[in-house]
Amino acid sequence: MQSGLKVTILGSGTSVGVPQVGCPCPVCHSDDPRDRRLRASALLETDEGRRLLIDCGPDFRQQMLSVDFLPLDGVIFTHEHYDHTGGIDDLRPFTRTDDGLPLFADEKCAKHIRERLPYLFREHLYPGVPRIRLEVVQPGVPFVVENYWEVMPIPVMHGKLPILGYRFGDFAYVTDMTEVPEEGLRLLQGVRFIVVNALREKPHPTHQSLSQALDFVKKLDVEKAWLTHFSHEIGFHREVQSKLPENVYLTFDGLKFRI
Ligand SMILES: [Zn+2]
Ligand SMILES: [Zn+2]
Ligand SMILES: [Zn+2]
């Protein structure tokens, strides 16, 4: 499967994005483009030009205008919150085949998608809706997307809500996480590269703080880590990056790296 994995961070912001509408703080008024953060999402691509999307939030359309157009093999969802699922209607340009684009989500997230977008699941579809195929995945049970992407769903906790992170060989993507249960840690063992969430310095009930994220990354003993899902309270990108260990990077929108 995936050889020569390239990751593009499409969005590095928390649920309200940065700038936050109406906020007078200096971060929300920064001139540095790295301080402007759309809702969290990432695009994986291999040297063979195969693409897989992680989460599809309300900024999806805008995010896809910033990368060359290529078909998607599928979309995998971490959880049902609006900032991770709000862009499903905008998948239309990627769903022109008759079988529909495969979407992967756990039971709860799949139920939420069916309830929020019932018109995607009717027998006779309105011509303007995206053709999708929703498939339920289980934590700890690996699955394959389009005979190509080998994916392991990792159980993680988002406050009290169990959600999924994902592992693709040496690389894992874990967002909106406060804690990883034993089973999840076991499945993450040996991972070399990770994207993981860090909201801000101060603790938060449903997101890791920056110091919790740094502890987590150290405990996992990864070669490189990229932090994501920031609120404006994280501060200026440049200043925060300068204080981090040398193998830990703050992501920003449009950041690309190779695994
Ligand atoms: Zn989120
Ligand atoms: Zn602000
Ligand atoms: Zn969330």
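In this text, all values refer to a predicted model and were calculated from it rather than measured experimentally. (Residues numbered from 1 in each chain as written. Chains lettered and ligands numbered in written order. Predicted model: local features only at pLDDT ≥ 70, side-chain atom pairs only at ≥ 80, totals over all residues. Heavy atoms only, no water.)

Draft legend 1. Focus on the coordination of the zinc ion (ligand 2). Within the first shell, the zinc ion (ligand 2) binds the protein through Cys23 (SG), Cys25 (SG), Cys28 (SG) and His232 (ND1), at distances of 2.0 to 2.3 Å. Between the 4 donor atoms coordinating the zinc ion (ligand 2), the angles at the centre fall across 104 to 114°, so the site counts as tetrahedral. All donors of the zinc ion (ligand 2) come from a single chain, and their spacing in sequence reads C-x1-C-x2-C-x203-H. Overall, Cys23 belongs to the buried group, its relative accessible area being 13%. (Donors = N, O, S within 2.8 Å, 3.2 Å for Na, K, Ca; no water. Tetrahedral: all angles 85-135°; square planar, octahedral: opposite > 155°, others 65-115°. Buried < 20%, exposed > 50% of the residue type's maximum accessible area, 1.4 Å probe, protein only.)

Draft legend 2. Molecular detail of helix α3 (residues 107–116). Every buried residue of α3 is listed here: Cys109, Ala110 and Ile113. Buried residues of α3, viewed axially, fall in a sector of 100°; they line one side. Exposed residues on α3 whose side chains face more than 90 degrees from its buried face are Glu107 and Glu115. The inward-facing, buried residues of α3 abut α2 (82–85), β5 (101–105) and β6 (132–136). (Helix = DSSP H or I, 4+ residues; strand = E, 2+ residues; numbered from the N terminus. Arc of directions from axis to C-beta. Contact = heavy atoms within 4.5 Å.)

Draft legend 3. Local environment of the nonpolar core. Membership of the largest hydrophobic core comes to 29 residues, with the highest contact counts inside it found for Ile194, Val196, Phe216 and Leu227. Not counting residues within four places of it along the chain, the set of residues in contact with Val196 comprises Val174, Met177, Gln208, Phe216, Val217, Trp226, Leu227 and Thr228. By size, the runner-up hydrophobic cluster in this structure holds 26 residues, among which are Ile76, Trp149, Val151 and Phe171. (Core = buried A, V, L, I, M, F, W, Y, C linked by side-chain atoms within 4.5 Å.)

Draft legend 4. Main features of the packing of aromatic side chains. Taken as a whole, this structure holds 10 aromatic pairs when the rule is applied. Here a set of aromatic residues connected by ring pairs shows up, and it is made of Phe168, Phe171, Phe193, Trp226, Tyr249 and Phe257. Residue placement shows Arg50 over the ring face of Tyr148; its charged tip is 4.2 Å from the ring centre. (Phe/Tyr/Trp six-rings, centres within 6.5 Å; stacked < 30°, edge-to-face > 60°. Lys NZ or Arg CZ within 6 Å of the ring centre and 35° of its normal.)

Draft legend 5. Highlighting the coordination of the zinc ion (ligand 1). On the protein side, the zinc ion (ligand 1) has Asp83 (OD), His84 (NE2), Asp176 (OD) and His229 (NE2) as donor atoms, found 2.1 to 2.2 Å from it. One way to put it: the 4 donor atoms around the zinc ion (ligand 1) meet at angles of 93 to 160°, and that makes the site irregular. In primary sequence terms, the donor set of the zinc ion (ligand 1) follows D-H-x91-D-x52-H. A distance of 3.5 Å spans the gap from the zinc ion (ligand 1) to the zinc ion (ligand 3), which Asp176 bridges by coordinating each metal. Placement of His84 in helix α2 and of Asp176 in the loop between β10 (171–174) and α4 (182–188) is noted, with a sequence separation of 92 residues between them. You can call His84 buried: its relative accessible area is 0%. Judged by its relative accessible area of 1%, Asp176 is buried.

Draft legend 6. View of the side chain of Asp176. For the buried Asp176, no salt bridge exists, and the shortest N-O distance to an oppositely charged side chain is 11 Å, to Arg39. Residues contacting Asp176, with those up to four places away along its chain left out, are His79, Asp83, His84, Met157, His158, Ile163, Asn197, Thr206, His207 and His229. (Lys, Arg positive; Asp, Glu negative; His and termini not counted. Salt bridge = Lys/Arg side-chain N within 4 Å of Asp/Glu carboxyl O.)

Draft legend 7. Up close: the side chain of His158. By the secondary structure assignment, His158 is in strand β8 (residues 149–158). In terms of polar contacts, His158 uses its side chain to reach the backbone carbonyl oxygen of Asp176, at 2.9 Å. Discounting chain neighbours no more than four positions away, the residues touching His158 are His79, His81, Ile163, Asp176, Thr178, Thr206 and His207. (Polar contact = N/O pair within 3.5 Å; in protein donor to acceptor, adjacent residues only side chain to side chain.)

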